[in-house]
Amino acid sequence: METTQKSPRYGMVIDVDRCTGCGNCMVACAVENNVPPAQAKVTERTGMTWMRVSKLDNGLPFPENRSVYLPVSCQQCDHHTPCQSVCPQNAVEYDIESGIVAQIPVRCFGCRYCMTACPYHARYYNWFDPEWADGIERTLNPDVSARMRGVVEKCNFCHGRLQAARAKAAADGRKTESESDYTTACAECCPTQAIRFGNLADPKSEVSILSKSPSAFRLLEDLGTEPKVYFRSEQEWVHTIVKKTSSSELKEHSNG
Amino acid sequence: MDKQLIARGVTRTSLKNFYLWILPWCLLLAVGLYAVFLCLAKGLNQTNMDNRFSFGLWIYLDLTVIALGAGAFFTGFLLYVLKRKELKAVINSAVVIGFICYSGAVAVLGVDVGQPLRSWFTFWHPNVHSMLTEVTFCITCYLTVLAIEYIPVVLKNRKLKKVPSMLVFEFELHKLMVVFAAVGTFLSFFHQGSLGGLYGVLVGRPFAFRPALGIWPTTFFLFILSAAAVGPSFIMLTTWAASKISRKSLVKPDVYRYLGKISGSLLIFYIILKAVDTMFWINTVSTKGFSPAGFYRMQEFGTWILFTEIVVLGLVPAIMLLSRRVRANQKLLITAGAMACAGIVLNRYVMTIQTLALPTLPFDVFMSYVPSWQEVATFLAVLSYGMLVYSFSFRYLTLFPQEREIQSV
């Protein structure tokens, strides 16, 4: 589908009712973006997962107990992007051509202020030197640079794929990439197609239509940062939980 | 040689006693430097910080020592710009303490960042919207100003004074001191404020976020005021501690009282504004769908922490310091000064540690963090460095000009 002439604003709609919590998106993301395998010393809190799947539970006993999985990556905040405004050396970039919030690891000096600023905890620091077992380094994606110890990184909607789509568009004589040229690894690999990716600025696109459905919601919407990652669920209790904020009484629902 | 370096008219402990005093600090510094080496060589995996607790003990330490070191800029401002001559008795000590606090903070920041060799990028690719850019520029400039302010104190050393060119340099530098004091005050105001702004701008952390007054969040102004308020108290405390450890009277009692009065006057003003700010925060955070009381229901961070900060370690010492009767009693005066400093130490703890511990997402959990030995050792290295610089300065430089006069009496 060809996008309108307006600059695209890429976003995602994740159907949590479809998500089985298989973690395929996490693996696909790591492979696509050269995220190194976790070392033995790595903990849940020092690990590198651009996409993190959390579990939400309605807290009721069996048989009323229900749970859903919520894949959370960078929410690509569109307004007053919290991480971008705080970075002292412009290592976080908001691309007006795509709406993507990108990280420039070669410019980052690892102060981690952006991580403090991110309400979604979607930024990760390289606490260890990246290491790949012998032979595995040959599987690295040549379109994405590996990052070094001491810098911050995060989901950038598979920037390598965007570059490839732009190159293809240029080769075909088009000014902008088309939606069919570009999708993220997590969306492509989701076995239940729970993750949909596309141009939110195009009113005809699937993500744009899904994002406007009554069952769609965004995380921490009240903060006013206009995230471009939407979630969908037909289950009322999911909406109830995500609408409540952390300082309410809901931390027992967590298993993230 | 040692005796020739000590100022005329004052007595100092024997060289052996001095060595015994600095030995433990040297050992602590050595352990700390080893921890620093580990962090630089192996990376910040040597710390207990993580992706959730991305800031830890070191940032807390930086914010705290810089607030306490504010005595240097504020005393300089009062003495050189507002001509409050009473403060001449402590200005040299204040400059040394300021220099220690700021240089210590910058050194720790050098370890705290993942790629210290890229620190200059902030000057090359500055993001003018970032509070950290403002902090970096101001701290770098102000540390230079403090070093310049420290030079005349060093050049006044008995031995160095004998070199004519140094004496002339010191004299000329001293004439310019009003300029440096004014520049230092300007820079210090900004970076004390931007340290407050560092957390106040965090729209994603509703516990810390504050609305903007002009272009800065309210914490910007509260940090300036609180630092200016406790700076004199910290100068008072350090002078008192130096006096107790050296068993000498270093300044006249009215200097303590004057410092206490300045501290109290600013502290009461700060506490009123802090209380107003807290009430505004309760209202604004509610409109964003957060429950203000909810932030105080998690683990040990109850409302007691807010009460302790504003009333016990804020209002109470402010009232004490404003009371002439309390100021006349040195024990009470020092207690009040210590309480005021503790209040600001707690405030910086709340802003840095409590902010990060509190979850933001509805399915997040409260996180705790205990610093690793490497983090603690690095902190202790800064403390040891400070003790050593101050001890050497106290022994060989004239930190308290009134001392000779008091001793001759």
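For the structure itself, look to the data block above.
Computed from a predicted model, the values in this text were never measured in an experiment. (Residues numbered from 1 in each chain as written. Chains lettered and ligands numbered in written order. Predicted model: local features only at pLDDT ≥ 70, side-chain atom pairs only at ≥ 80, totals over all residues.)

Asker: Got a minute to help me understand the overall build of chain A in this structure?
Answerer: Along the backbone of chain A there are seven helices and 10 strands. For 256 residues, the compact-globule estimate of 2.2 N^0.38 gives 18 Å, and chain A sits close to it at 18 Å. Seen through its principal axes, chain A has C-alpha atoms that stretch 55 × 45 × 35 Å. Classification of the 256 residues of chain A by burial places 49% in the buried group. (Helix = DSSP H or I, 4+ residues; strand = E, 2+ residues; numbered from the N terminus. Rg over C-alpha atoms; globule rule 2.2 N^0.38 Å. Buried ≥ 20, exposed ≤ 12 C-beta atoms within 10 Å, placed from the backbone.)

Asker: I tried to follow the overall build of chain B on my own but got confused; where do I start?
Answerer: Helix and strand counts for chain B come out as 17 helices and two strands. Since a compact globule built from 409 residues should have a radius of gyration of about 22 Å, the 22 Å found for chain B is in line with a globular shape. Dimensions along the principal axes, computed over C-alpha positions, put chain B at roughly 70 × 55 × 40 Å. Nonlocal contacts in chain B, meaning residues at least 24 apart in sequence, comprise 79% of its contacts between residues at least 6 apart. (Contact = placed C-beta atoms within 7 Å.)

Asker: I keep staring at the interface of chain B and chain A and nothing clicks. Help me out?
Answerer: You'll often see interface size given as the accessible area lost when the parts meet. Chain B puts 44 residues into the contact, and the matching count from chain A is 50 residues. Contributions of two or more residues to the side of chain B that touches chain A are made by α6 (121–124), α7 (131–155) and α12 (292–295) of chain B. Per-element accounting of the side of chain B that touches chain A gives the leading share, four residues, to α7 of chain B. For the side of chain B that touches chain A, the class distribution of residues is 19 nonpolar, 19 polar and six charged. (Nonpolar A, V, L, I, M, F, W, Y, C, P; charged D, E, K, R; others polar.)

Asker: It is not clear to me how the sheet that holds strand β1 (residues 10–15) of chain A should be interpreted in this structure. Could you clarify?
Answerer: Paired through backbone hydrogen bonds, the strands of a sheet run either parallel or antiparallel to each other. All names here are of chain A. Overall, mixed pairing links the four strands, which are arranged β8-β1-β10-β9 in an open sheet. Among the strands making up the open sheet, the edge pair consists of β8 (195–199) and β9 (216–217). Pairing analysis gives two bridges linking β9 to strand β10 (residues 229–232), with the strands arranged antiparallel. Each bridged residue has a counterpart across the sheet, and for Ala 216 the counterpart in β10 is Arg 232. (Pairing = 2+ DSSP bridges.)

Asker: Please explain helix α8 (residues 164–175) of chain B as it appears in this structure.
Answerer: In an α-helix, one turn spans 3.6 residues, which is why side chains three or four residues apart end up on the same side. Relative to the 16 Å expected for 12 residues at 1.5 Å per residue, α8 of chain B spans 17 Å between its end C-alpha atoms, a close match to the ideal helical length. Burial analysis of α8 of chain B places just one of its 12 residues in the buried class, a small minority of the element. (Expected span 1.5 Å × (residues − 1).)

Asker: Would you mind showing me how to read helix α4 (residues 71–81) of chain B here?
Answerer: Residue and element names in this part refer to chain B. Among the 11 residues of α4, 10 are classified as buried, and the element is accordingly described as predominantly covered. Taken together, the buried positions of α4 are occupied by Gly 71, Ala 72, Phe 73, Phe 74, Thr 75, Gly 76, Phe 77, Leu 78, Leu 79 and Tyr 80. In this structure, the buried residues of α4 make contact with α5 (91–112), α7, α9 (177–200) and α10 (218–246). Once α4 finishes, Lys 83 follows within two positions and takes phi at roughly 60°, a positive value.

Asker: What exactly am I supposed to notice about the pairing of β1 of chain A here?
Answerer: All names here are of chain A. With six of six residues buried, β1 is to be regarded as a mostly interior element. Sheet topology places β1 next to β8; five bridges connect them, and they run antiparallel. When the sheet's bridge partners are listed, Gly 11 is paired in β8 with Gly 198.

Asker: Any chance you could explain the packing of helix α3 (residues 57–68) of chain B against helix α15 (residues 330–357) of chain B here in plain terms?
Answerer: Helix-helix packing is characterised by the crossing angle of the two axes and by the distance between the axes. Residues and elements named next belong to chain B. Contact pair α3 / α15: the axes reach a minimum separation of 9 Å and the direction vectors enclose 145°. Where α3 crosses over α15, the handedness of that crossing is right-handed. From α3, Ile 59, Tyr 60, Leu 63, Thr 64, Ala 67 and Leu 68 reach across to α15, where they touch Cys 341, Ile 344, Val 345, Arg 348, Tyr 349, Thr 352 and Ile 353. In terms of residue class, the contact of α3 with α15 is made up of 10 nonpolar, two polar and one charged. (Axes fitted to C-alpha atoms, helices over the stretch in contact; angles between N-to-C directions. Left-handed = near helix turned anticlockwise from the far one by under 90°.)

Asker: I keep staring at the environment of Arg 8 of chain B and nothing clicks. Help me out?
Answerer: Residue and element names in this part refer to chain B. Looking at the element boundaries, Arg 8 is found in the loop between α1 (2–5) and α2 (15–42). Owing to 7 C-beta atoms within 10 Å, Arg 8 belongs among the exposed residues under this scheme. Linking Arg 8 and Asn 157, residues 149 residues apart in sequence, is a C-alpha distance of 9.8 Å.

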